[in-house]
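# Understanding the architecture of this molecule
This is what each chain is made of:
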Amino acid sequence: MIKLKKIFIYILLPFITIFTFLLFLNVLFLDWRYSHKSQATYQDPFDWLTYKAKFNFLKTINRFSDVLNNSPDIIGLPRENLLIGINEQSNLLSNVPHSTKVWQEGFYITDDNDVKQIQVRHRGDNPTNWLFEKKHWRFKTRKEEQFDRYRYYDYIPFDLEYYFSGIVSNEAEIISPEFNLVELYINQESQGIYIKSERINENFLRRNRIMPVNIYKGEQILSEAIVGVDNDLFGNSGVWSKVAFFNQTEPDDYSDLNYFLNTLIKSENKLTSFKSLFEIIDFNQWVKFSAYQIIAQNYHNDSYHNMRLIIDPWSGKISPIVYDPVLGPSIYSNKILNLEKSSHGLLRLLNKNSFFINEKYKTIIDLIEKDKVIDNTASLLKDLENKILISNSRDIHNLSNTFQDINWKKTIDSKKFVNFDYKNKIQLLIKNINIHKSNILKLLNSKPVGSWHDEKDGFSIKVDGYLPISNIIVNYKENVPKWIYLDINKNNSLDVNEKFTPDENGNFY
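The structure displayed is predicted, hence computed values, not measured ones.

## Considerations on the environment of V96
- Assignment of secondary structure puts V96 in the loop between helix 3 (86–92) and strand 2 (104–109).
- Sequence spacing of V96 and P127 is 31 residues, and the spatial spacing of their C-alpha atoms is 8.3 Å.
- Leave out the neighbours within four places in its chain, and V96 touches R33, K37 and W130.

This is the structure we're talking about:
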């Protein structure tokens, strides 16, 4: 017994001590890169030790399970195969966050087993995008080897709400990237389900049949934030960058963006600028974009990040692009909707305008009832359900039910490492999105509430709630005036199109 103690003390204990020290050193290094190295980044505490231990254990278990069940041979979602060397993957994380943007060599295996040389890197500025085992990826092809006019692709870890919201934007025919589900393999090992999306650049314009224009990117967050500058993207053109430009202008020419932002700022208290604003925005696109926000409850494109704008030098029009979509949590709570919620300054101004609001409401009804954007998206998701379940069964990043007693609620992003019962999750989403749809239609098809009362020089009409009052008929029992006027713009004077005359029955319409 004494001999065993000596063996443990003199031989095993030093090794255990060194191993424990290196393990904790690795955890400290991980946490340093995770929440202390990137500019303007805050992350909640994360249990790296448990996370890494569980991942490696489950990875081993899943490998044995795959061999026994031949699960790799069962096809689920379309497969995408990348080859990325261990050294290249290490290079991407060698000096985060800067190294994640440095392109590394890799290969793409086509459906015909052709090997295409590509370059790969991680996507995004948030450390959660590349320090967890399931990472965000971006690859680009050679200029002469584009895939169906696509040179850049993004692979985003599957998020059911993200995908649903993206497909709704596609169904609504708003300017937005395409979103497709794939099962991503890296070095012949399944990484689970990913959303494959296109990058917004010149090729994106060509595929959407848009003439060469300027595309501006607004990101005042994380490592892209400019220190000491206000976060409001709509107050300073200097915090925007160009991701595509009209080839007859200089890349550093921001005159069109400056004009738009100056007009927007002046529109807050100047009527002529407000009218000019309506002349330079693509009214129909902003109406549809705002309608989509309400349908998807997606206000993720806001005043400090996820903004993409098209400014067309041919027409002078400004249009939005849906980027990084989400499905708002209020979808599941069935709360009373706020139909005038504004995610940034431009929409706040537009939502004060009755013409814009009226068109937005009509567009919401058309998208739901006529274009059936919710029904079509839900049907697509239901059709993909079995394929999603097959591909998800190979996702080594998901916990098995055995480990569900562990509380992962406090982690920064539990979706990175949690077992999703996608069958029930899909059913729950479809159930709640249909309730959400019914709530919208019930509200917009309800009877508006209004009243009127006398004033010194006429009468006032009061509208309560969201719905506008229309088809107003004013009737005088006696002493019918020759005309009346409705002060539409509230400037206390008679303007064009504000004067109304009676018909032969004395009714003013």
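## Quick word on the nonpolar core
- Core analysis: the biggest nonpolar cluster contains 73 residues, and W240, F260, W286 and I388 have the highest contact counts within it.
- For F260, the residues in contact, after removing those within four places along its chain, are F234, L277, I280, I281, L309, I318 and L346.

## Focus on the pattern of salt bridges
- Scanning the model with the defined rule gives 16 salt bridges in all.
- One salt bridge connects K437 with D375, and the closest N-O pair in it is separated by 2.8 Å. One end of the pair, K437, is in helix 14 (residues 422–444); the other, D375, is in helix 12 (residues 373–383), and 62 residues separate them in sequence.
- The class for K437 is buried, based on a relative accessible area of 16%.
- Looking at D375, the relative accessible area reads 27%, which means it is partly exposed.
- Among the charged side chains, a network of salt bridges with common partners joins R123, R138, D154 and D324.

## Here we look at the packing of helix 8 (residues 283–296) against helix 11 (residues 354–370)
- Running from amino to carboxyl end, helix 8 crosses helix 11 at an angle of 60°, the nearest separation of the two axes being 8 Å. Between helix 8 and helix 11, the angle is such that the two are oblique. For the crossing formed where helix 8 meets helix 11, the hand is right-handed. Judged by residue contacts, F283, W286, V287, K288, S290, A291, I294 and I295 of helix 8 engage F355, F356, E359, K360, T363, I364, L367 and I368 from helix 11.
- Classifying every residue of the contact of helix 8 with helix 11 gives 11 nonpolar, two polar and three charged.

## Here we look at the pairing of strand 2
- Residues of strand 2 alternate between two faces, with Q104, G106 and Y108 buried on one and E105, F107 and I109 left unburied on the opposite face.
- Sheet topology note: the strand 1 (residues 79–83)/strand 2 ladder contains three bridges and is antiparallel. Along strand 2, the bridge assignment pairs L83 with F107.
- Of the strand pairs in this sheet, strand 2 and strand 3 (residues 115–122) are connected by six bridges, and their pairing is antiparallel. Residue pairing across strands places G106 opposite I118, the latter belonging to strand 3.

## Quick look at the packing of helix 13 (residues 385–392) against helix 14
- Following both chains from N to C, one finds helix 13 and helix 14 inclined at 145°, their axes separated by 10 Å at the closest point. Crossing of helix 13 over helix 14 shows right-handed handedness. Contacts between helix 13 and helix 14 involve E385, I388, L389 and N392 from the first element and Y422, K423 and I426 from the second.
- Taken together, the residues of the contact of helix 13 with helix 14 break down into four nonpolar, one polar and two charged.

## Quick notes on helix 13
- Among the residues of helix 13, E385, I388, S391 and N392 are the ones counted as buried. Along the long axis of helix 13, the arc covered by the buried residues comes to 130°, so they all point the same way.
- The inward-facing, buried residues of helix 13 contact strand 6 (179–186), strand 7 (189–198), helix 12 and helix 14.

## A short note on the packing of aromatic side chains
- In this structure the tally under the stated criterion is 28 aromatic pairs.
- Between the aromatic rings of Y108 and F147, the centroid separation amounts to 5.1 Å while the plane-to-plane angle is 45°, which identifies the pairing as tilted. Taken together, the residues Y108 in strand 2 and F147 in the loop between strand 4 (137–141) and strand 5 (152–157) connect sequence positions 39 residues apart.
- Relative accessible area serves as the criterion here: at 8%, Y108 is assigned to the buried category.
- An aromatic cluster of three or more residues is present, and its members are Y108, F139, F147, Y150, Y153 and Y155.
- In this arrangement the basic side chain of R121 is found over the ring face of W103, its NZ or CZ atom lying 5.2 Å from the centre.
- Across the ring face of W483, the terminal group of K499 is positioned such that the distance to the ring centre comes to 4.8 Å.

## Let's talk about the confidence of the model for the chain
- Confidence along the chain averages 86 in pLDDT terms, with 91% of residues attaining 70 or more.
- For the chain, the element scoring lowest by mean pLDDT is helix 2 (residues 48–69), at 72; helix 12 scores highest, at 97.

## Description of a nonpolar patch on the surface
- A contiguous nonpolar surface patch, about 520 Å² in accessible area, is contributed by I18, F21, L22, L25 and L28.
- Counting through the fold element by element, L25 comes out in helix 1 (residues 2–35).

## So, the sheet that holds strand 9 (residues 240–244)
- Strand order in the open sheet formed by four strands is 9-8-10-11, and the pairing between neighbours is antiparallel. Strand pairing shows two members of the sheet lacking a second neighbour, strand 9 and strand 11 (318–320), which therefore form its edges. Between one strand and the next, the sheet's axes are offset by a mean angle of 30°, whatever the strand orientation.
- By the bridge criterion, five bridges tie strand 8 (residues 214–218) to strand 10 (residues 307–311) in an arrangement that is antiparallel. By the bridge assignment for strand 10, I215 is matched with I310.

## Examining helix 11
- Here helix 11 is 17 residues long and its end C-alpha atoms lie 23 Å apart, about the 24 Å a rise of 1.5 Å per residue gives.
- Along helix 11, the positions that sit buried rather than exposed are F356, I357, K360, Y361, T363, I364, I365, L367 and I368.
- Its buried side turned inward, helix 11 meets helix 8, helix 10 (345–350), helix 12 and helix 14.
- The backbone nitrogen of F355 lies 3.0 Å from a side-chain oxygen of the residue at the head of helix 11, namely N353.
- Looking one or two places after helix 11, you find K372, whose phi comes out positive at around 55°.

## Observations concerning the sheet that holds strand 3
- If you walk around this closed barrel you meet the seven strands as 1-2-3-4-5-7-6, and the pairing is mixed. Here the average twist between neighbouring strands, direction ignored, is 40°.
- By the bridge criterion, four bridges tie strand 4 to strand 5 in an arrangement that is antiparallel. Considered in strand 5, the bridge of R138 is made with D154.
- Lying on the sheet, helix 4 (residues 160–171) is in contact with strand 5, strand 6 and strand 7; it crosses strand 6 at an angle near 135°.
- Across the sheet, helix 13 is in contact with strand 6 and strand 7; its angle to strand 7 comes to roughly 135°.

Parameters at a glance
- Throughout this description, residue numbers start from 1 for each chain and increase along the sequence as written.
- Note on the predicted model: pLDDT of at least 70 is required for a residue's local features to be given, and 80 or more for side-chain atom pairs to be given and counted; whole-chain, interface and lining totals, by contrast, use all residues.
- No hydrogens and no water enter the side-chain calculation; it runs on all heavy atoms of the structure.
- Only DSSP runs of H or I with at least four residues qualify as helices, and only runs of E with at least two residues qualify as strands; both kinds are numbered from the N terminus onward.
- Note on contacts: a residue pair is in contact if any heavy atoms of the two residues lie within 4.5 Å.
- For the purposes of this section, nonpolar cores are sets of buried Ala, Val, Leu, Ile, Met, Phe, Trp, Tyr and Cys residues that join through side-chain atoms within 4.5 Å.
- Here the term buried applies to any residue with accessible area under 20% of the maximum for its type, exposed to any over 50%, and partly exposed to those in between, with areas from a 1.4 Å probe on protein chains only.
- Salt bridges are counted wherever a side-chain nitrogen of Lys or Arg sits within 4 Å of a carboxyl oxygen of Asp or Glu.
- A fitted line through C-alpha atoms represents every axis, and for helices the fit uses only the stretch in contact; the resulting angles, taken between N-to-C directions, go from 0 to 180 degrees.
- Angle categories: roughly parallel below 35 degrees, roughly antiparallel above 145, roughly perpendicular from 65 to 115, and oblique for all the rest.
- By definition, turning the near helix anticlockwise from the far helix through less than a right angle yields a left-handed crossing, and turning it clockwise yields a right-handed one.
- Residue polarity follows a fixed list, in which Ala, Val, Leu, Ile, Met, Phe, Trp, Tyr, Cys and Pro are nonpolar, Asp, Glu, Lys and Arg are charged, and the others, Gly among them, are polar.
- When DSSP finds two or more bridges between two strands, those strands count as paired.
- What the arc measures is the spread of directions leading from the helix axis to the C-beta atoms.
- Pairs were defined over the aromatic rings of Phe, Tyr and Trp, the Trp ring being its six-membered one, requiring ring centres within 6.5 Å. Orientation was assigned from the angle between planes: stacked under 30 degrees, edge-to-face over 60, tilted for the rest.
- Note on geometry: a ring has a charge over it if NZ (lysine) or CZ (arginine) is within 6 Å of the ring centre and within 35 degrees of the ring normal.
- pLDDT measures how confident the predictor is about each residue, on a scale from 0 to 100.
- Every patch collects residues that have over 30% relative accessible area and no salt bridge, joining them within 9 Å if they carry like charges and within 5 Å if they are nonpolar side chains (Val, Leu, Ile, Met, Phe, Trp, Tyr).
- We get accessible surface area from the Shrake-Rupley algorithm with a probe of 1.4 Å; when it comes to residues, only the shown protein chains can shield them.
- Take the number of residues in a helix, subtract one, and multiply by 1.5 Å to get its expected span.
- Polar contacts, as counted here, are pairs of nitrogen or oxygen atoms within 3.5 Å of one another; within protein the pair requires one atom able to donate a hydrogen and one able to accept it, and residues that are adjacent in sequence qualify only if both atoms are side-chain atoms.

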